Amino acid sequence: MINGILCIAWKEFLHLVRDRRLLVIVFILPPLITALLGNAFEVTDLKGVPAILDDQDRSPESAEFVKKLTTDDTFHFAEETYPVGQPQILPRRNLAGVVVIPQGWGASLATGKPKKLQLVLDGSDTTTAPYFQGEIEKNLGDYQTDHIQNLIATLPEESLNILAKLPDATRDQLKGQSVRWGDDATIPFNPGLRFIDYVVPGIIGLVLQLVTVTLTSCTIVRERESGSFSQLALTPLRFSEIVLGKVLPYFFLSLLLTLEVGLTAQWEFQLTYHHWDWLFLNACLFILFSLSLGLFISSIARTQTQAMQLSMFLLLPILILSGAFAPLSQLPDAVQVLSSIFPLTHYCHAFRLINIYNADPSLIYGDLTILLVGAVLLLVASTQFLRRG
Amino acid sequence: MGTIILEQVTKTFGPVVAVRELSFAVQPGSIFGLVGSNGAGKSTTLKILCGLEKPTSGTARIDGLDCWKQRAQVKLKLGYVPQSFDLYPDLTVEEHLQFFASAFRLDRARREKQIGGLLERTDLLAKKSALAGKISGGQKRLLSLACALVHEPKILFLDEPTAGLDPGHREALWDWLYALAKDGMTIGVTTHYLEEAERCVEIAVMNAGRLMAQGTPTELKKNSLVQPFEIHAEPMIPALNAIKQEPEIFRASLSNGAIRVLAHGPEALYRRLETAWPYPEIRCRQMNWCEPTLDDACSALTLPIKNIPATGAVV
C-alpha cells in the first residue's frame, strides 16, 4: 500500500515541481491575496469620510460646533452651501453625507426648543451611513454636555442659593443629569476590537481552499482526458493508492502554503498566534478535507472545464456561507445547518476558539472530528467513483 | 500461455450496443488484428479484455481468468497501449519507465534490467533524460509501448498502434511486435488500416459491434463476398465520377492506373457496362475481373449492416 501511494506521489511531485507557472501562482498569489484582503478588512474605524458641512446659522454656537466637527478626523468636510433638494450631489461628488446647521440653531438652544441639525446620508453604503450619523450624534452629545457644564458654571448667585436649599437627593439627581453617563466595558477576547483578528482565519481559509480545491480538481480528470488514466488503471495500483498518492504531494505543498500565508498575516497585521500545535492540526485537517473535495470533483467530472465549473459552484457558497467574514449566527437557521457541512466553517470556528478565545483545545474536538470524517468520506467516495469508471 | 477467449460478449452504453454477442478465441503467440471502421466496437472489446469495462453479458477470459471478476490478476498478465495515450509531457523518458516499473512493483534489479533493455530496444537511450513532451511522435509511441512492456506481460494489446506514425517508425514498431510474438507473447491490435491488418497472423472483422468474419488474411481474401473488376477508361477522373453514380456500386476507387469497382451483383453490372457503355464522352479501353484484396474483402463486411450481402460470411 505504502509503495503504491509513494509511486503515485512521486509522479505527482514531479508534475508539480516542473510546472513553474503553477508554482509561481501557488507561492506568489496567496500571500498577495492575504495581504490585500487583510488590508481591506483591517479598516474598521472610518477616517476622512468626505462630506459637506453647511453652517447656515453663522452664530457663535454654530461656529463652536463646526470647530468641534472639523477637528474630528472621522470626517473630511467641505464647508459650503448644500443645494437643498439635490441629493444627487452625493454620488456625483462621492460624498457620504451632508450636515446642515439650520439658521437660528444657536439661538434656539437657549429657547428650550432647540432646532434639529439636518443630515442627508447616502444609505447605499450601509456601513458608513449609520457610522456617520452616530459620530455626528456623539459630537452633538459632547457639545451639549459642555453646554450644560458652562450653563451651570455661569448660573447667578441667587440660583445657586436656591439649588443649595434643595434636598440632598434632588440636588444629586440634578448633578447626575448634568454629567455624561458612561459604561466601564471589559473586553477579555480581542480587547483591541481588531476586526482583522476575527477575520484572519477566514482569509487564510479562503486562500487555502481556493488553491487546494482548484489544484486537485483537475488531477484525475486531466489524466482521463490525456488517456493516461487507462494506463494507470491497468497497473496493479489500487484506486485508493492512486487517490492517496495524488493527495500526498498537494498536502505538503498546502502545508508550505499555510505557513506562507500565516506568516504573511502575522507580519502584515501584527497577528499573534496561540497554541501553534492546535492551529497546525486544525490546518492539516482542513487542507485534507479541501484536497479531498477537489479530488472528489476530479473523480466525478468528465472534462477539466467541467471540473473547474464544479469547483466554482461549490466554492462560492462555501466562501460566503461559512462564517468566514461575518458571524454565522446572523444567517438564517437553514443556512446555518447547511454551513455546518462546509470545511471552512469548522476551520474558522476552531481557529477563533483557539486564537481569540484561547479556549481549551477540547472545545475544538468536534470541529476537528468533522474535518477528519469529511475528508475520509470524500476520499472513499472518490475511490468508489474511480472504481466505477 | 496467453490464450484469449470471448464468449457471447455484449456491451451496451445506455441504448447504444457497442459490442453484440462477440465470440472468438486467440491462441498464444499469435498476432491478432481487430479490424473495423470507427465505432465498430474494437476499442470497447479491448477495454473489456483489459478489465477496464464490465461486459453487459457474456464472459471474456485470459488464460482462464475472468477479465472483469479477476481483473487484478489479469492486469499482471497484460500490457495495453491505448490509442490516445499522450504520456506525461513533463516527465522524462526514463521517469516514465521508472514510474510504470514501480507501479508494477518490480524489484530494483529487475527494474534496472528491464528499463535498460527497453531504452536500448526503443533507441531512446540517448534521450532518456529528455522530457516526453519534447521527443518526436514516433518516439512517443515507442515509449508508450515500452511502458506497457516494462513488466513483461504475456499479452499485449495495442489500440491503433501506428496511427500518425511515419513509415520508418511504423516498420520499427512492427519489427518489435514480431520479435515479441516470436518470444511467445500474444498480441492484439485494433486498426482500421487494412495494410496494417495484413501484417497480423489472424484477423477478426467487426462491424456495428458484431463479428463479421474471422480468419487469416489469405482466408478472408479467398472467401471474400465481393468480386472486384477494373475499368481502364479515359479520361480517368470524369470516368471515376461517372461510374460512382451507378446504383449497384458501393465502392469505386483509383488503383494502379485503373478504376477498381466493388458492386452488389457485379456480374450483371459488368455485362451491362461491357455490352452497352453508357458514357459516350468517356472511352472505355478495357475491363477485367481481378482478385479481391483484404481491403476489398473487409469493405464488404464493414458496410452499413443493411447493405451487407446476406450470405457467405466466414465467421
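Residues numbered from 1 in each chain as written. Chains lettered and ligands numbered in written order. Predicted model: local features only at pLDDT ≥ 70, side-chain atom pairs only at ≥ 80, totals over all residues.

### Details of the overall build of chain A
(1) Moving on: Tallying secondary structure elements over chain A gives 17 helices and four strands in all.
(2) Moving on: Taken over C-alpha atoms, the radius of gyration comes to 30 Å for chain A, far larger than the 21 Å a tight globule of 389 residues would show.
(3) Moving on: Counting only C-alpha atoms and orienting by the principal axes, one finds that chain A spans roughly 105 × 50 × 40 Å.
(4) Moving on: Out of the 389 residues in chain A, the part that is buried amounts to 35%. (Helix = DSSP H or I, 4+ residues; strand = E, 2+ residues; numbered from the N terminus. Rg over C-alpha atoms; globule rule 2.2 N^0.38 Å. Buried ≥ 20, exposed ≤ 12 C-beta atoms within 10 Å, placed from the backbone.)

### A short note on the packing of helix α1 (residues 2-18) of chain A against helix α3 (residues 93-103) of chain B
(1) Moving on: Running from N to C, α1(A) and α3(B) point in directions that differ by 160°, and their axes come no closer than 9 Å. Between α1(A) and α3(B), the angle falls in the class roughly antiparallel. In this structure, α1(A) crosses over α3(B), and the sense of that crossing is left-handed. Taking contact as the criterion, the partners of Cys7(A), Lys11(A) and Leu14(A) in α1(A) are, on α3(B), Glu95(B), Phe99(B), Ser102(B) and Ala103(B).
(2) Moving on: Taken together, the residues of the contact of α1(A) with α3(B) sort by class into four nonpolar, one polar and two charged. (Axes fitted to C-alpha atoms, helices over the stretch in contact; angles between N-to-C directions. Parallel < 35°, antiparallel > 145°, perpendicular 65-115°, else oblique. Left-handed = near helix turned anticlockwise from the far one by under 90°. Contact = placed C-beta atoms within 7 Å. Nonpolar A, V, L, I, M, F, W, Y, C, P; charged D, E, K, R; others polar.)

### Some remarks on the pairing of strand β2 (residues 75-79) of chain A
Residue and element names in this part refer to chain A.
(1) Moving on: For strand β1 (residues 49-55) and β2, the ladder comprises five bridges, and the chain directions are parallel. Bridge pairing links Ala-51 to Phe-77 in β2.
(2) Moving on: In this view, the connection linking β1 to its parallel neighbour β2 by way of helix α3 (residues 60-70) has right-handed handedness. (Pairing = 2+ DSSP bridges. Right-handed = clockwise from strand over helix to strand, strands pointing away.)

### Regarding unusual backbone geometry
It is generally the case that most residues other than glycine have a negative phi and that most peptide bonds are trans.
(1) Moving on: Following Glu234(B), the chain continues into Pro235(B) via a peptide bond in cis, with omega recorded as -10°.
(2) Moving on: A positive phi is found at Asn94(A), a non-glycine position, where the angle reads about 55°.
(3) Moving on: When you line up the elements, Asn94(A) lands in the loop between α4 (89-92) and β3 (97-101).
(4) Moving on: Classification of Asn94(A) as exposed rests on a count of 8 C-beta atoms within 10 Å.

### Some details on the sheet that holds β3(A)
Residue and element names in this part refer to chain A.
(1) Moving on: Spatial ordering of the open sheet is given by β2-β1-β3-β4, a layout of four strands whose pairing is mixed. Lying at the two open borders of the sheet, with one neighbouring strand each, are β2 and β4 (118-121). Recorded for the sheet is a direction-independent mean angle of 25° between the axes of neighbouring strands.
(2) Moving on: Across four bridges, β3 lies against β4 in antiparallel orientation. Residue pairing in the sheet places Val-99 in a bridge with Leu-119 of β4.
(3) Moving on: α3 contacts β1, β2 and β3 of the sheet and is inclined by roughly 175° relative to β1.
(4) Moving on: Packing of helix α6 (residues 128-153) onto the sheet brings it into contact with β1, β3 and β4, and relative to β4 it is tilted by some 160°.

### Digging into the nonpolar core
(1) Moving on: Leu49(B), Ala146(B), Val150(B), Leu156(B), Phe157(B), Ile187(B) and Val205(B) are the most contacted members of the largest nonpolar core, which totals 151 residues.
(2) Moving on: Grouped together as the second largest cluster of nonpolar side chains are 15 residues, Phe65(A), Ile101(A), Trp105(A) and Phe132(A) included. (Core = buried A, V, L, I, M, F, W, Y, C linked by C-beta atoms within 7 Å.)

### A short note on the domain arrangement of chain A
(1) Moving on: The domain boundaries assigned to chain A delineate domain 1 (2-42 + 194-388) and domain 2 (49-178).
(2) Moving on: Inter-centroid distance (C-alpha atoms) of domain 1 of chain A to domain 2 of chain A is 52 Å. (Domains from an automatic or database assignment.)

### Concerning the confidence of the model for chain B
All names here are of chain B.
(1) Moving on: On average, residues of chain B carry a pLDDT of 85, and 94% of them reach 70 or more.
(2) Moving on: When mean pLDDT is compared element by element in chain B, α3 scores highest at 94, while helix α11 (residues 294-301) scores lowest at 77.
(3) Moving on: In the model, residues 305-315 has pLDDT below 50 throughout and makes 21 contacts with residues more than four positions away in sequence or in other chains.
(4) Moving on: What the predictor reports for the complex is a pTM of 0.76 with an ipTM of 0.74. (pLDDT = per-residue confidence, 0-100.)

### Things to note about α1(A)
(1) Moving on: Here α1(A) contains 17 residues, and its C-alpha end-to-end distance of 24 Å stays within 8% of the 24 Å for a straight helix at 1.5 Å per residue.
(2) Moving on: Summarising the contacts, the buried residues of α1(A) are in contact with α12 (239-269) of chain A together with α3 of chain B. (Expected span 1.5 Å × (residues − 1).)

### With respect to the interface of chain B and chain A
(1) Moving on: Counting from both sides, the interface comprises 21 residues of chain B and, opposite them, 17 residues of chain A.
(2) Moving on: With five residues, α3(B) is the single largest residue contributor to the side of chain B that touches chain A.
(3) Moving on: Grouping the amino acids of the side of chain B that touches chain A by side-chain chemistry returns 14 nonpolar, two polar and five charged.

### Description of the environment of Asp360(A)
(1) Moving on: By the element assignment, Asp360(A) lies in the loop between α16 (343-355) and α17 (365-388).
(2) Moving on: Taking the C-alpha atoms as reference, Asp360(A) lies 10.0 Å from His275(A); in sequence the two are 85 residues apart.

### Describing the pairing of strand β12 (residues 249-255) of chain B
Every other side chain in a regular strand lies on the same face of the sheet, so the side chains alternate between the two faces.
Residues and elements named next belong to chain B.
(1) Moving on: Relative to strand β13 (residues 258-263), β12 runs antiparallel, the two being bridged by six bridges. Among the inter-strand pairings, Ser-253 is bridged to a residue of β13, identified as Arg-260.
(2) Moving on: Hairpin connection from β12 to β13: two residues lie between these consecutive antiparallel strands, with Asn-256 at a positive phi of about 50°.

### Section: the sheet that holds strand β6 (residues 78-81) of chain B
Residue and element names in this part refer to chain B.
(1) Moving on: Read across the open sheet, the six strands follow the order β6-β7-β8-β3-β9-β10; overall the sheet is mixed. Of all strands in the sheet, those bounded by a partner on one side alone are β6 and β10 (210-215). Recorded for the sheet is a direction-independent mean angle of 15° between the axes of neighbouring strands.
(2) Moving on: Relative to strand β8 (residues 186-191), strand β7 (residues 155-159) runs parallel, the two sharing five bridges. By the bridge assignment for β8, Phe-157 is matched with Gly-188.
(3) Moving on: Packed on one face of the sheet, α11 meets β3 (31-35), β9 (202-207) and β10 and runs near 30° to β9.

### With respect to the environment of Arg21(A)
(1) Moving on: Positionally, Arg21(A) belongs in helix α2 (residues 20-42).
(2) Moving on: Measuring from C-alpha to C-alpha, the distance between Arg21(A) and Glu135(A) comes to 49 Å, with 114 residues separating the pair along the chain.

### Quick look at the environment of Pro278(B)
(1) Moving on: Looking at where Pro278(B) falls in the secondary structure, it is placed in the loop between α10 (266-275) and β14 (283-289).
(2) Moving on: It is 9.6 Å that separates the C-alpha atoms of Pro278(B) and Ile243(B), two residues lying 35 residues apart in sequence.

### What to know about the domain arrangement of chain B
(1) Moving on: Per the domain assignment, the segments of chain B are domain 1 (4-221) and domain 2 (227-291).
(2) Moving on: With centres defined by C-alpha atoms, the gap from domain 1 of chain B to domain 2 of chain B works out at 40 Å.

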